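# Descriptive analysis of the structure
One letter stands for each residue in the lines below.
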Amino acid sequence: MNPAASPDPRHPGEAADPDHVMTAEERAEYERLRRHAAVRHRRARRAGACLLLVLTLLLAPLAVVAAWVQDTVSDTDRYVETVAPLASEPPVQEVMINRLTDRVVNNVDVGAVTDALVRTLQDSGAPPRVVDGAASLEGPLRDAVRTVVDRTVTGVITSDAFQQVWEGANRRSHAAVVNMLTGDREGALTSEDGTVQLDVGEIVDQVRQRLVDAGFDKAAAIPDADRTITLFETEQLDKAQDAMRLLDVLGAWLPVLTVVLAALAVWTAPAHRVMLMITATGVGVMMVVLLVALAVLRRAYLNSVPPAALPGDAAAAVYDTFVRFLRDSTLTLLVVSVITALVGYLYGPGRLARVVRTVADRGTAATGRALEQAGVRTGAVGRLLADHRPWITGVVMAAGALALVFWNHPTVGAVALVLGIALAVLIILGVLAAAGPADRAAGRATQQATP
């Protein structure tokens, strides 16, 4: 019996003998325990990745909506950009024209005009037939007034000046509401201790100056005190301001939290590439769910608006205009998810992925050889690109992702532009790598053939 191959019984706590050689039974037990520990470790990682994935998918649509609401509510420029197209929507213009025309015509007392005309004719001794004819002019006169008013209002509503007035009015009103909700002291509308106050100091200054210019010298003594007017007091103002602060936090940090959870899910999973594909596919599915929810809400909104309050085409224009940025963001994230899942698949061992990579490699290699035969060689640069191709590809893809992250409100067009530039850069780098020295390919082949 070989003493070196036999188990060496020791007391607990003794140091292991470095010269001890494990027996076949000990080796089998060691391998079994190691496999068991590895399986337990993989199961724990898989469970953690699944939990992070579920959180990511639940938060993804909420993050998109929160970011959109936060942009629309707190950013005046974004709000004006949202509502600006309404001034040029024909259904909305038609509603404004009809309502303004009705209001003006209702304020014109056509009956009083015809009654005065009848009395004048009677006093002047006009024949009864003429007097009766004047009394029947109320209907045609009202139609004529409506025609003139409608033409005038239409010219105003459809003009470029109205577009500017519309944007300016929305900008001022939205800025005032934001100042009130955030407690900002800037602007005419402010909030303090549960009260909403209107600062009329500028108006007081203008009135005082006009009175002085008109000859009322004593108007210059109008005091500067009481330059604010309390519009209303409410106990709900503090709650509205708290909701605004919460919205700012959610709109800013919920998307970041969602991205971090998605990255942790991919990093925690044993198979990073597979989890990347699953996460991208899941986020894409959630974006489809959000788009379906927007369509359902659109139908519910149109059914809830009475036609007398707002015609169906005008209501549809209002809804589509207000949610168009949310819909664009959802479509953009859906496209990004599809592209991410596709890239993850193309890096895998699938048959189609191998075919695509082979075709791409052959195309760039053929182009590089053609340049090399034409006397265009990249030398050490081409060798560097060929030796570090995976890292360079990762850098290009990371640069494209960062470009989208720092893009202000990216759209599907922006994603297509960044993707096209990234693909063009990768193709150019592949061609440059293939146009290296002629002996590089032979050297690499020899190195691969050497055992």
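Look up: the structure comes first, before these words.
Residues numbered from 1 in each chain as written. Predicted model: local features only at pLDDT ≥ 70, side-chain atom pairs only at ≥ 80, totals over all residues. Heavy atoms only, no water.

### Digging into the pattern of salt bridges
Summed over the entire model, instances satisfying the criterion amount to five salt bridges. Here Asp361 and Arg389 are joined by a salt bridge, their closest N and O atoms 3.3 Å apart. Placement of Asp361 in helix H13 (residues 351–373) and of Arg389 in helix H15 (residues 389–405) is noted, with a sequence separation of 28 residues between them. Classification of Asp361 as partly exposed rests on a relative accessible area of 38%. Judged by relative accessible area, Arg389 falls into the partly exposed class, the value being 34%. Linked through salt bridges whose partners overlap, the residues forming this network are Arg298, Asp320 and Arg327. (Salt bridge = Lys/Arg side-chain N within 4 Å of Asp/Glu carboxyl O. Helix = DSSP H or I, 4+ residues; strand = E, 2+ residues; numbered from the N terminus. Buried < 20%, exposed > 50% of the residue type's maximum accessible area, 1.4 Å probe, protein only.)

### Focus: the packing of helix H10 (residues 272–304) against helix H11 (residues 312–322)
Interhelical geometry of H10 versus H11 gives an angle of 145° and a closest axis separation of 10 Å. Crossing hand, H10 versus H11: right-handed. Listed contacts from H11 to Leu294, Leu297, Arg298, Tyr301 and Leu302 of H10 are Gly312, Ala315, Ala316, Val318, Tyr319 and Asp320. (Axes fitted to C-alpha atoms, helices over the stretch in contact; angles between N-to-C directions. Left-handed = near helix turned anticlockwise from the far one by under 90°. Contact = heavy atoms within 4.5 Å.)

### Thoughts on helix H12 (residues 324–346)
With 23 residues, H12 extends 33 Å from end C-alpha to end C-alpha; this agrees with the ideal 33 Å at 1.5 Å per step. All buried positions along H12 are accounted for by Arg324, Phe325, Leu326, Thr330, Thr332, Leu334, Ser337, Ala341 and Gly344. (Expected span 1.5 Å × (residues − 1).)

### Concerning the side chain of Thr72
With respect to the secondary-structure elements, Thr72 resides in helix H1 (residues 24–74). Of the polar contacts made by the side chain of Thr72, one reaches the backbone oxygen of Trp68; its length is 2.9 Å. Here Thr72 is in contact with Tyr79 and His174, once residues within four sequence places are set aside. (Polar contact = N/O pair within 3.5 Å; in protein donor to acceptor, adjacent residues only side chain to side chain.)

### Looking at helix H2 (residues 76–83)
Of all eight residues in H2, six are buried; the element is thus mostly enclosed. The N-cap residue of H2 is Asp75: its side-chain oxygen and the backbone nitrogen of Asp77 are 3.1 Å apart.

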